[in-house]
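# Understanding the architecture of this molecule
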Amino acid sequence: GDDLPSVSQDTLDRLAPKGSDLSKDAQVIRIGQDVARPDGYKTAVVQGEDAFERAAAIDRFISAARGKPSADVVLYSADDPAWALPAAAWAARSGDAALPVRKGSIPAPIRRTLAGHEGPNVYLLGPPSVISDAVQRELRDRKLAGSVNRIAAPTPVENAIAFARYEKGDFGWGVVVPGYNFTIASTTRPSDAAAAAALGTRGVFAPLLLSDDAAELPPKLEEYLLSVQPGYEDNPGQAVYNRAWIIGDDKALSVPQQAQIDQLTELVPVQANAP
(Lines give C-alpha, C1' and ligand atoms only; values in the text may rest on other atoms or scores of the structure.)
Protein backbone atom coordinates (compact mmCIF):
# COMPACT_ATOMS: atom_id res chain seq x y z
CA GLY A 1 0.00 0.00 0.00
CA ASP A 2 0.97 3.62 0.57
CA ASP A 3 2.88 2.99 3.81
CA LEU A 4 6.52 1.96 3.70
CA PRO A 5 7.31 -0.65 6.40
CA SER A 6 9.66 0.69 9.04
CA VAL A 7 12.20 -2.06 8.33
CA SER A 8 12.38 -0.89 4.69
CA GLN A 9 12.75 2.76 5.68
CA ASP A 10 15.49 1.80 8.19
CA THR A 11 17.31 -0.20 5.50
CA LEU A 12 17.18 2.70 3.04
CA ASP A 13 18.56 5.01 5.71
CA ARG A 14 21.42 2.58 6.35
CA LEU A 15 22.20 2.13 2.65
CA ALA A 16 22.00 5.89 1.96
CA PRO A 17 21.67 5.53 -1.83
CA LYS A 18 23.32 8.38 -3.75
CA GLY A 19 21.43 8.15 -7.04
CA SER A 20 22.95 8.09 -10.52
CA ASP A 21 22.92 9.93 -13.82
CA LEU A 22 20.99 7.05 -15.41
CA SER A 23 18.09 7.63 -13.03
CA LYS A 24 18.39 11.44 -13.22
CA ASP A 25 19.78 11.42 -9.67
CA ALA A 26 16.82 9.47 -8.24
CA GLN A 27 17.92 7.57 -5.15
CA VAL A 28 14.96 5.17 -5.13
CA ILE A 29 13.11 3.65 -8.08
CA ARG A 30 9.51 2.74 -7.39
CA ILE A 31 7.97 -0.02 -9.51
CA GLY A 32 4.36 1.00 -10.08
CA GLN A 33 2.44 4.14 -9.23
CA ASP A 34 0.84 2.78 -6.03
CA VAL A 35 4.11 1.88 -4.26
CA ALA A 36 4.91 3.75 -1.05
CA ARG A 37 7.17 6.80 -1.34
CA PRO A 38 10.01 6.78 1.24
CA ASP A 39 10.61 9.93 3.24
CA GLY A 40 13.68 12.01 2.50
CA TYR A 41 14.64 10.55 -0.89
CA LYS A 42 14.31 11.63 -4.50
CA THR A 43 12.31 8.95 -6.30
CA ALA A 44 11.59 7.88 -9.87
CA VAL A 45 8.65 5.73 -10.96
CA VAL A 46 8.55 2.91 -13.49
CA GLN A 47 4.92 3.08 -14.51
CA GLY A 48 2.49 0.68 -16.12
CA GLU A 49 -1.14 -0.27 -15.71
CA ASP A 50 -0.37 -3.95 -15.13
CA ALA A 51 2.54 -6.35 -14.66
CA PHE A 52 3.11 -6.65 -18.42
CA GLU A 53 3.36 -2.91 -18.99
CA ARG A 54 5.63 -2.52 -15.96
CA ALA A 55 7.90 -5.34 -17.16
CA ALA A 56 8.11 -3.64 -20.56
CA ALA A 57 8.95 -0.33 -18.88
CA ILE A 58 11.67 -1.95 -16.77
CA ASP A 59 13.17 -3.45 -19.92
CA ARG A 60 13.20 -0.04 -21.64
CA PHE A 61 14.97 1.45 -18.61
CA ILE A 62 17.64 -1.28 -18.56
CA SER A 63 18.10 -1.22 -22.34
CA ALA A 64 18.71 2.53 -22.17
CA ALA A 65 21.19 2.05 -19.31
CA ARG A 66 23.22 -0.57 -21.19
CA GLY A 67 22.88 1.16 -24.55
CA LYS A 68 21.07 -1.68 -26.34
CA PRO A 69 18.50 -4.43 -25.67
CA SER A 70 19.74 -7.77 -24.41
CA ALA A 71 20.40 -10.51 -26.97
CA ASP A 72 18.82 -13.12 -24.67
CA VAL A 73 15.33 -12.97 -23.13
CA VAL A 74 13.74 -15.20 -20.49
CA LEU A 75 9.97 -15.58 -20.62
CA TYR A 76 8.36 -16.68 -17.36
CA SER A 77 4.84 -17.51 -16.23
CA ALA A 78 2.60 -14.65 -15.16
CA ASP A 79 0.02 -17.18 -13.98
CA ASP A 80 2.04 -19.36 -11.56
CA PRO A 81 4.81 -17.57 -9.65
CA ALA A 82 6.47 -20.76 -8.37
CA TRP A 83 7.74 -21.44 -11.90
CA ALA A 84 8.85 -17.84 -12.39
CA LEU A 85 11.03 -17.37 -9.30
CA PRO A 86 14.44 -18.44 -10.74
CA ALA A 87 14.21 -15.79 -13.48
CA ALA A 88 14.95 -13.04 -10.95
CA ALA A 89 18.41 -14.31 -10.03
CA TRP A 90 19.36 -14.83 -13.69
CA ALA A 91 18.18 -11.35 -14.66
CA ALA A 92 20.37 -9.92 -11.89
CA ARG A 93 23.32 -12.09 -12.92
CA SER A 94 23.17 -11.41 -16.65
CA GLY A 95 21.20 -8.24 -17.26
CA ASP A 96 19.03 -10.22 -19.68
CA ALA A 97 15.39 -9.21 -20.04
CA ALA A 98 12.95 -11.32 -17.99
CA LEU A 99 9.37 -10.88 -19.18
CA PRO A 100 6.02 -12.39 -18.12
CA VAL A 101 3.65 -14.19 -20.49
CA ARG A 102 0.32 -15.95 -20.15
CA LYS A 103 0.12 -19.71 -20.46
CA GLY A 104 -1.31 -19.57 -23.96
CA SER A 105 -0.43 -16.13 -25.31
CA ILE A 106 2.01 -13.22 -25.31
CA PRO A 107 0.40 -9.99 -24.04
CA ALA A 108 0.68 -6.99 -26.36
CA PRO A 109 3.21 -4.99 -24.24
CA ILE A 110 5.52 -8.01 -24.17
CA ARG A 111 5.15 -8.54 -27.95
CA ARG A 112 6.22 -4.94 -28.54
CA THR A 113 9.15 -5.34 -26.17
CA LEU A 114 10.33 -8.54 -27.87
CA ALA A 115 10.12 -6.81 -31.25
CA GLY A 116 12.46 -4.13 -29.90
CA HIS A 117 15.06 -6.80 -29.09
CA GLU A 118 15.29 -7.59 -32.83
CA GLY A 119 15.39 -11.38 -32.95
CA PRO A 120 16.69 -12.35 -29.50
CA ASN A 121 17.39 -15.85 -28.25
CA VAL A 122 14.27 -16.60 -26.21
CA TYR A 123 14.21 -19.07 -23.31
CA LEU A 124 10.86 -20.36 -22.00
CA LEU A 125 11.07 -21.11 -18.29
CA GLY A 126 8.83 -24.11 -17.71
CA PRO A 127 7.13 -27.02 -19.51
CA PRO A 128 4.19 -26.65 -21.96
CA SER A 129 1.75 -27.02 -19.08
CA VAL A 130 3.08 -23.67 -17.78
CA ILE A 131 4.00 -21.84 -21.02
CA SER A 132 2.24 -23.63 -23.84
CA ASP A 133 3.43 -24.54 -27.31
CA ALA A 134 1.04 -21.83 -28.55
CA VAL A 135 3.43 -19.22 -27.11
CA GLN A 136 6.31 -20.93 -28.88
CA ARG A 137 4.39 -20.84 -32.18
CA GLU A 138 3.46 -17.18 -31.66
CA LEU A 139 7.11 -16.27 -31.19
CA ARG A 140 7.98 -17.92 -34.49
CA ASP A 141 4.91 -16.82 -36.47
CA ARG A 142 5.35 -13.18 -35.45
CA LYS A 143 9.14 -13.42 -35.91
CA LEU A 144 9.71 -12.22 -32.35
CA ALA A 145 12.66 -14.54 -31.71
CA GLY A 146 15.84 -15.60 -33.43
CA SER A 147 15.72 -18.91 -31.59
CA VAL A 148 13.32 -20.44 -29.07
CA ASN A 149 14.58 -22.73 -26.32
CA ARG A 150 12.72 -24.37 -23.47
CA ILE A 151 14.02 -25.13 -19.96
CA ALA A 152 11.54 -27.70 -18.68
CA ALA A 153 11.03 -30.14 -15.83
CA PRO A 154 7.92 -31.63 -14.16
CA THR A 155 7.80 -29.42 -11.03
CA PRO A 156 8.94 -25.93 -9.99
CA VAL A 157 11.65 -27.48 -7.79
CA GLU A 158 13.00 -29.58 -10.65
CA ASN A 159 12.67 -26.72 -13.13
CA ALA A 160 14.83 -24.48 -10.92
CA ILE A 161 17.43 -27.26 -10.84
CA ALA A 162 17.22 -27.64 -14.63
CA PHE A 163 17.82 -23.89 -14.98
CA ALA A 164 20.79 -24.03 -12.60
CA ARG A 165 22.30 -26.79 -14.75
CA TYR A 166 21.41 -25.24 -18.10
CA GLU A 167 24.03 -23.73 -20.37
CA LYS A 168 23.90 -22.76 -24.03
CA GLY A 169 26.70 -20.57 -25.31
CA ASP A 170 26.94 -17.57 -22.98
CA PHE A 171 23.47 -18.19 -21.53
CA GLY A 172 22.82 -20.14 -18.34
CA TRP A 173 24.41 -20.92 -15.01
CA GLY A 174 25.92 -24.26 -16.06
CA VAL A 175 26.34 -25.38 -12.44
CA VAL A 176 27.14 -29.09 -12.72
CA VAL A 177 30.33 -29.27 -10.63
CA PRO A 178 31.26 -28.09 -7.09
CA GLY A 179 32.52 -24.62 -6.25
CA TYR A 180 29.41 -22.45 -6.50
CA ASN A 181 26.99 -20.43 -4.41
CA PHE A 182 23.24 -21.03 -4.18
CA THR A 183 20.16 -19.33 -2.81
CA ILE A 184 17.27 -21.52 -1.66
CA ALA A 185 13.76 -20.15 -1.20
CA SER A 186 10.23 -21.41 -0.68
CA THR A 187 7.83 -21.73 -3.61
CA THR A 188 5.15 -20.22 -1.35
CA ARG A 189 6.95 -16.87 -0.97
CA PRO A 190 7.43 -15.38 -4.46
CA SER A 191 8.41 -11.94 -3.16
CA ASP A 192 11.59 -13.49 -1.71
CA ALA A 193 12.92 -13.96 -5.25
CA ALA A 194 13.09 -10.20 -5.78
CA ALA A 195 14.72 -9.61 -2.40
CA ALA A 196 17.29 -12.36 -3.02
CA ALA A 197 18.06 -11.35 -6.63
CA ALA A 198 21.11 -9.32 -5.58
CA LEU A 199 22.77 -12.60 -4.56
CA GLY A 200 22.76 -13.51 -8.25
CA THR A 201 25.29 -10.77 -9.03
CA ARG A 202 28.12 -8.72 -7.46
CA GLY A 203 30.53 -11.65 -7.50
CA VAL A 204 28.23 -14.04 -5.63
CA PHE A 205 26.49 -15.41 -8.75
CA ALA A 206 24.07 -17.70 -6.92
CA PRO A 207 21.28 -19.39 -8.90
CA LEU A 208 17.95 -19.63 -7.09
CA LEU A 209 16.83 -23.12 -6.06
CA LEU A 210 13.43 -23.92 -4.59
CA SER A 211 11.82 -26.01 -1.88
CA ASP A 212 8.11 -26.82 -1.97
CA ASP A 213 8.10 -28.35 1.51
CA ALA A 214 8.65 -26.22 4.61
CA ALA A 215 9.55 -29.23 6.75
CA GLU A 216 11.71 -31.51 4.60
CA LEU A 217 14.20 -31.08 1.77
CA PRO A 218 12.65 -32.19 -1.55
CA PRO A 219 14.34 -35.41 -2.76
CA LYS A 220 15.24 -33.91 -6.15
CA LEU A 221 16.92 -30.93 -4.49
CA GLU A 222 18.84 -33.27 -2.19
CA GLU A 223 19.92 -35.28 -5.23
CA TYR A 224 21.17 -32.16 -7.01
CA LEU A 225 23.08 -30.81 -4.02
CA LEU A 226 24.71 -34.22 -3.59
CA SER A 227 25.75 -34.17 -7.26
CA VAL A 228 27.68 -30.92 -6.74
CA GLN A 229 28.89 -31.51 -3.16
CA PRO A 230 32.59 -30.59 -2.90
CA GLY A 231 35.16 -33.12 -1.77
CA TYR A 232 38.90 -33.57 -1.32
CA GLU A 233 41.35 -36.44 -1.40
CA ASP A 234 44.38 -35.29 0.59
CA ASN A 235 44.45 -31.56 1.32
CA PRO A 236 41.16 -29.76 2.09
CA GLY A 237 42.96 -26.43 1.70
CA GLN A 238 43.16 -27.04 -2.06
CA ALA A 239 39.46 -27.88 -2.48
CA VAL A 240 36.64 -25.70 -3.80
CA TYR A 241 33.66 -24.84 -1.61
CA ASN A 242 29.91 -24.42 -1.97
CA ARG A 243 27.85 -21.91 -0.03
CA ALA A 244 24.07 -21.64 0.33
CA TRP A 245 21.89 -18.76 1.50
CA ILE A 246 18.50 -19.84 2.84
CA ILE A 247 15.87 -17.17 2.26
CA GLY A 248 13.17 -16.90 4.91
CA ASP A 249 12.58 -17.95 8.49
CA ASP A 250 12.00 -21.43 9.88
CA LYS A 251 8.36 -21.29 8.79
CA ALA A 252 9.49 -21.06 5.17
CA LEU A 253 12.30 -23.62 5.46
CA SER A 254 12.60 -25.54 8.72
CA VAL A 255 15.69 -25.77 10.92
CA PRO A 256 16.08 -29.52 10.17
CA GLN A 257 15.95 -28.69 6.44
CA GLN A 258 18.60 -26.00 6.99
CA ALA A 259 20.78 -28.55 8.77
CA GLN A 260 20.41 -30.96 5.87
CA ILE A 261 21.36 -28.26 3.35
CA ASP A 262 24.35 -27.36 5.52
CA GLN A 263 25.46 -31.00 5.50
CA LEU A 264 25.07 -31.25 1.73
CA THR A 265 27.24 -28.17 1.12
CA GLU A 266 30.03 -29.27 3.49
CA LEU A 267 33.41 -30.29 2.16
CA VAL A 268 33.76 -34.09 2.49
CA PRO A 269 36.73 -36.47 2.14
CA VAL A 270 36.63 -38.69 -0.93
CA GLN A 271 38.63 -41.76 -1.83
CA ALA A 272 40.32 -41.79 -5.22
CA ASN A 273 39.21 -44.61 -7.54
CA ALA A 274 36.57 -45.75 -5.04
CA PRO A 275 33.98 -48.10 -6.56
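Residues numbered from 1 in each chain as written. Predicted model: local features only at pLDDT ≥ 70, side-chain atom pairs only at ≥ 80, totals over all residues. Heavy atoms only, no water.

### Considering the overall build of the protein
The number of helices and strands found in the protein is 10 helices and 11 strands. On C-alpha atoms alone, the protein measures out to a radius of gyration of 20 Å, which is about the 19 Å that the 2.2 N^0.38 rule sets for 275 residues. Along the three orthogonal principal directions, the C-alpha set of the protein runs to about 60 × 50 × 35 Å. For the protein, the proportion of its 275 residues judged to be buried stands at 42%. (Helix = DSSP H or I, 4+ residues; strand = E, 2+ residues; numbered from the N terminus. Rg over C-alpha atoms; globule rule 2.2 N^0.38 Å. Buried < 20%, exposed > 50% of the residue type's maximum accessible area, 1.4 Å probe, protein only.)

### Observations regarding the pattern of salt bridges
Counted under the stated rule, the structure contains 7 salt bridges. Here Arg-150 ties to Asp-133 by a salt bridge, and the two come within 3.3 Å at their closest N and O atoms. Here Arg-150 is found in strand 6 (residues 147-151), whereas its partner Asp-133 is found in helix 6 (residues 133-141), with 17 residues between them in sequence. Asp-250 is the partner of Lys-251 in a salt bridge, and the nearest nitrogen-oxygen pair spans 3.5 Å. For Asp-250, a relative accessible area of 43% corresponds to the partly exposed category. Members of the salt-bridge network, linked through shared partners, are Arg-111, Glu-138 and Arg-142. (Salt bridge = Lys/Arg side-chain N within 4 Å of Asp/Glu carboxyl O.)

### Notes on the side chain of Asn-181
Tracing the sequence through the fold places Asn-181 in strand 7 (residues 181-186). The class for Asn-181 is buried, based on a relative accessible area of 19%. Separated by 2.8 Å, the side chain of Asn-181 and the backbone oxygen of Val-204 make a polar contact. Ignoring anything within four residues of it in the chain, the contact list for Asn-181 reads Val-204, Phe-205, Ala-206, Pro-207, Arg-243 and Trp-245. (Polar contact = N/O pair within 3.5 Å; in protein donor to acceptor, adjacent residues only side chain to side chain. Contact = heavy atoms within 4.5 Å.)

### A closer look at the packing of helix 7 (residues 156-165) against helix 9 (residues 219-227)
One can describe the packing of helix 7 onto helix 9 by two numbers: an axis separation of 9 Å at closest approach and a directional angle of 20 degrees. One way to sum up the angle between helix 7 and helix 9 is to call them roughly parallel. Contact with helix 7, carried on its side by Val-157, Glu-158, Ile-161, Ala-164 and Arg-165, involves Lys-220, Leu-221, Tyr-224 and Ser-227 of helix 9 and no other residues of that element. Looking at the contact of helix 7 with helix 9, its residues break down into 5 nonpolar, 1 polar and 3 charged. (Axes fitted to C-alpha atoms, helices over the stretch in contact; angles between N-to-C directions. Parallel < 35°, antiparallel > 145°, perpendicular 65-115°, else oblique. Nonpolar A, V, L, I, M, F, W, Y, C, P; charged D, E, K, R; others polar.)

### Thoughts on helix 10 (residues 255-265)
Among the residues making up helix 10, those that are buried are Gln-257, Ile-261, Leu-264 and Thr-265. Down the axis of helix 10, the buried side of the element spans an arc of 95 degrees, and every buried residue falls inside it. Helix 10 presents Val-255, Pro-256 and Gln-263 as exposed residues on the side facing more than 90 degrees away from its buried surface. The inward-facing, buried residues of helix 10 contact strand 7, strand 8 (208-211), helix 9 and strand 10 (243-246). Two to three positions downstream of the cap, the backbone nitrogen of Gln-257 sits 3.1 Å from a side-chain oxygen, assigning the N-cap of helix 10 to Ser-254. (Arc of directions from axis to C-beta.)

### Some remarks on empty space enclosed by the protein
The final tally for this structure, using the stated rule, is 1 cavity of 30 Å³ or more. Computed from the structure, the largest cavity encloses a volume of approximately 30 Å³. As for the largest cavity, its lining consists of Asp-59, Ile-62, Ser-63, Arg-66, Pro-69, Ser-70, Gly-95, Asp-96 and Ala-97. Per element, the largest residue contribution to the lining of the largest cavity is 4 residues, and it comes from helix 2 (residues 51-66). (1 Å grid on protein atoms, 1.4 Å probe; cavity = no way out; pocket = protein on both sides within 12 Å on 5 of 7 lines; lining within 4 Å. Points joined across faces, edges and corners; volume = space filled by probe spheres on them.)

### Side note on the sheet that holds strand 6
In space, the 4 strands of this open sheet follow the order 4-3-5-6, with parallel pairing throughout. Either end of the sheet is taken by a strand with one partner, and the two such strands are strand 4 (97-101) and strand 6. Averaged over all neighbouring strand pairs, the angle between strand axes comes to 25 degrees, with direction disregarded. Helix 4 (residues 86-94) rests against strand 3 (72-77), strand 4 and strand 5 (121-125) of the sheet, and its axis sits at about 160 degrees to strand 3. (Pairing = 2+ DSSP bridges.)

### Notes on the packing of aromatic side chains
Under the criterion given, the structure shown has 8 aromatic pairs. Ring centres 6.0 Å apart and planes at 75 degrees place the aromatic pair Tyr-123 and Tyr-166 in the edge-to-face group. Residue Tyr-123 is found in strand 5, and its partner Tyr-166 is found in the loop between helix 7 and strand 7; the two are separated by 43 residues along the sequence. With 3.6 Å between their ring centres and 5 degrees between their planes, Tyr-123 and Phe-171 make a pair best called stacked. (Phe/Tyr/Trp six-rings, centres within 6.5 Å; stacked < 30°, edge-to-face > 60°.)

### Re unusual backbone geometry
Most peptide bonds are trans, and most residues other than glycine sit at a negative phi. Look at Lys-143: it is not a glycine, yet its phi comes out positive at around 55 degrees. Inspection of the secondary structure puts Lys-143 in the loop between helix 6 and strand 6. Residue classification places Lys-143 among the exposed positions, given a relative accessible area of 69%. With a phi close to 55 degrees, Phe-205 is a non-glycine residue in the positive phi region.

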